[in-house]
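Single-letter residue listing:
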Amino acid sequence: MTESGTAVLLIDAGNTRVKLAYYETLLAADAAARLEQMAPSKQTQQIAQPEPIKFILTHANIEGLAPQLREFAKKPRLVVGVNVSGPLTAARIKEQLDAHCGEQAYELHWLSSEPQLLHLSNAYSDHQQLGSDRWLAMLGLSVHEKAQERPAMLVSFGTATTIDTVFRDQFLGGLILPGLQLMTDSLVSGTAQLPAIQWEKSSPPAEFPSSTAEALESGMIAAQVGAVLRQWSYVVKRCQQPPVVFYAGGAAAYVVPELSRLLSEQARLHGFDTIELLPFDDPALAGLLLYAQYYLAQ
């Protein structure tokens, strides 16, 4: 597809909800420029992007996709997505797209993990085991201006917490552990008479918890932060420089204050003056955007 000004829909179908980004006009020229800048010299500059309309659907409300799309000026001609929720979710989304766009009037590409995608290589021994959302998130992260000459970690605090690293156009691998809500659900289902947890977004957890609720909250946040610190140390050891740490996901606000404090301590112990801890919204959608631009440029 080489048509300029194509309306595009990007889909990140996750375990608990579906994130979407609609571009009324996505130009192939942007992709061509980006690809030129992803040469080995890595002299990437930020390119102005068209503003998307982003929206979220719960799995229970996927049937609201077609009505939502009817509010936009153009029908999408290209739909690119990742789906870790299973074939039923994919079928329900396609049914909505067919109803709105016409079955033969658009292209639909569900992307999966590969050994290589554009400039990014995959260090997984079996690339099919890597979740497609993590793979596309790494693609999106790899062209961030802060990830050009330094290793970059992405910590995604979702249903599961994932901690992934990209360096010099290679996805190095990462960790998966239960997210805060899964940890909470596990404790509630496996232990009797636990108190309700009152999550606080603005301050680190107690150093010496003096109640069961504080102990639970502090313990779970400590587990999340400890996993990030562990991986941060390994990245420094392998790459011989501190990584830029990006974070995303709905539970990030609960963990980031403590993560920032302890990462700063860790950086000073290694002799680094500062540490960069930055938000990165919708990383899988960022990777899907890059792929869509590349596809339109063909």
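Everything below is about the structure printed above this text.
As the structure is a computational prediction, the values presented were derived from the model and not from experiment.

Draft legend 1. Main features of the overall build of the protein. Of the regular secondary structure elements, the protein holds 8 helices and 12 strands. When each of the 298 residues of the protein is scored for burial, the buried share is 49%. Intrachain contacts of the protein at a sequence separation of at least 6 include 67% that bridge at least 24 residues. Taken as a whole, the protein presents about 14,200 Å² of accessible surface, with 50% of it coming from carbon and sulfur.

Draft legend 2. Focus on helix H3 (residues 87-101). Taking 1.5 Å of rise per residue, the 15 residues of H3 would be expected to cover 21 Å, and the 20 Å separating its terminal C-alpha atoms lies within 8% of that figure. Taken together, the buried positions of H3 are Thr-89, Ala-90, Arg-92, Ile-93, Gln-96, Leu-97, Asp-98, His-100 and Cys-101. Buried positions along H3 lie against strand E1 (6-13), strand E2 (17-26), helix H2 (65-69), strand E4 (78-83) and strand E5 (107-110). Gly-102 occupies a position one or two residues after H3 and carries a positive phi of about 95°.

Draft legend 3. Quick peek at the environment of Gly-14. For Gly-14, the location among the structural elements is in the loop between E1 and E2. Put simply, Gly-14 and His-59 are 45 residues apart on the chain and 9.1 Å apart in space, counted from C-alpha to C-alpha. Beyond its immediate stretch of four places on either side in the chain, Gly-14 contacts His-59, Val-84 and Ser-85.

Draft legend 4. The arrangement of the packing of helix H6 (residues 212-239) against helix H7 (residues 252-269) in detail. Where H6 contacts H7, the two axes come as close as 9 Å, and the packing angle between them is 40°. At the point where H6 passes H7, the crossing takes the right-handed sense. Between H6 and H7, the residues in contact are Ile-221, Gln-224, Val-225, Val-228, Leu-229, Trp-232 and Ser-233 and Tyr-254, Val-255, Glu-258, Leu-259, Leu-262, Leu-263, Gln-266 and Ala-267, respectively. Residue classes in the contact of H6 with H7 are distributed as 11 nonpolar, 3 polar and 1 charged.

Draft legend 5. Focus on the nonpolar core. Counting 36 residues, the largest nonpolar core has Val-8, Leu-10, Val-80, Leu-136, Leu-141, Leu-154 and Leu-288 as its most contacted members. Mapped by element, the contributors of at least two residues to this core are E1, E2, E4, helix H4 (132-142), strand E8 (152-157), strand E11 (244-248) and helix H8 (283-297). If one sorts the elements of this core by residue count, H8 sits on top with 8 residues. The next biggest cluster of nonpolar side chains, apart from the first, holds 33 residues, and it includes Met-183, Ile-197, Met-220 and Val-235.

Draft legend 6. Geometry of the side chain of Ser-132. Structurally, Ser-132 can be placed in helix H4. In this structure, Ser-132 is in contact with Val-82, Asn-83, Val-84, Leu-111, Ser-112 and Ser-113, ignoring residues within four places of it in sequence.

Draft legend 7. Fine view of the pattern of salt bridges. Taken as a whole and judged by the stated rule, the model has 9 salt bridges. Between Asp-164 and Arg-134 there is a salt bridge, with the nearest N and O atoms lying 2.5 Å from each other. Taken as a pair, Asp-164 in strand E9 (residues 160-167) and Arg-134 in helix H4 lie far apart in primary sequence, 30 residues in all.

Draft legend 8. A look at H6. Taking 1.5 Å of rise per residue, the 28 residues of H6 would be expected to cover 40 Å, and the 40 Å separating its terminal C-alpha atoms lies within 8% of that figure. In the stretch just after H6, Gln-240 is the one whose phi turns positive, near 60°.

Draft legend 9. A look at the layout of surface pockets. Put simply, the largest pocket is a space of about 980 Å³. For the largest pocket, the lining is made up of 41 residues, of which Ser-156, Phe-157, Gly-158, Thr-159 and Gly-249 are closest to its centre. Along the lines of polarity and charge, the residues of the lining of the largest pocket split into 21 nonpolar, 11 polar and 9 charged.

Draft legend 10. Representation of unusual backbone geometry within the structure. Despite not being glycine, Asp-169 has its phi angle at roughly 65°, a positive value. Located in the positive-phi region is Asp-282, a residue other than glycine, with phi close to 50°. Checked against the element boundaries, Asp-282 lands in the loop between strand E12 (277-279) and H8.

What counts and what doesn't
- Residues numbered from 1 in each chain as written.
- Predicted model: local features only at pLDDT ≥ 70, side-chain atom pairs only at ≥ 80, totals over all residues.
- Heavy atoms only, no water.
- Helix = DSSP H or I, 4+ residues; strand = E, 2+ residues; numbered from the N terminus.
- Buried < 20%, exposed > 50% of the residue type's maximum accessible area, 1.4 Å probe, protein only.
- Contact = heavy atoms within 4.5 Å.
- Areas by Shrake-Rupley, 256 points an atom, 1.4 Å probe, with all protein chains shown as cover.
- Expected span 1.5 Å × (residues − 1).
- Axes fitted to C-alpha atoms, helices over the stretch in contact; angles between N-to-C directions.
- Left-handed = near helix turned anticlockwise from the far one by under 90°.
- Nonpolar A, V, L, I, M, F, W, Y, C, P; charged D, E, K, R; others polar.
- Core = buried A, V, L, I, M, F, W, Y, C linked by side-chain atoms within 4.5 Å.
- Salt bridge = Lys/Arg side-chain N within 4 Å of Asp/Glu carboxyl O.
- 1 Å grid on protein atoms, 1.4 Å probe; cavity = no way out; pocket = protein on both sides within 12 Å on 5 of 7 lines; lining within 4 Å.
- Points joined across faces, edges and corners; volume = space filled by probe spheres on them.

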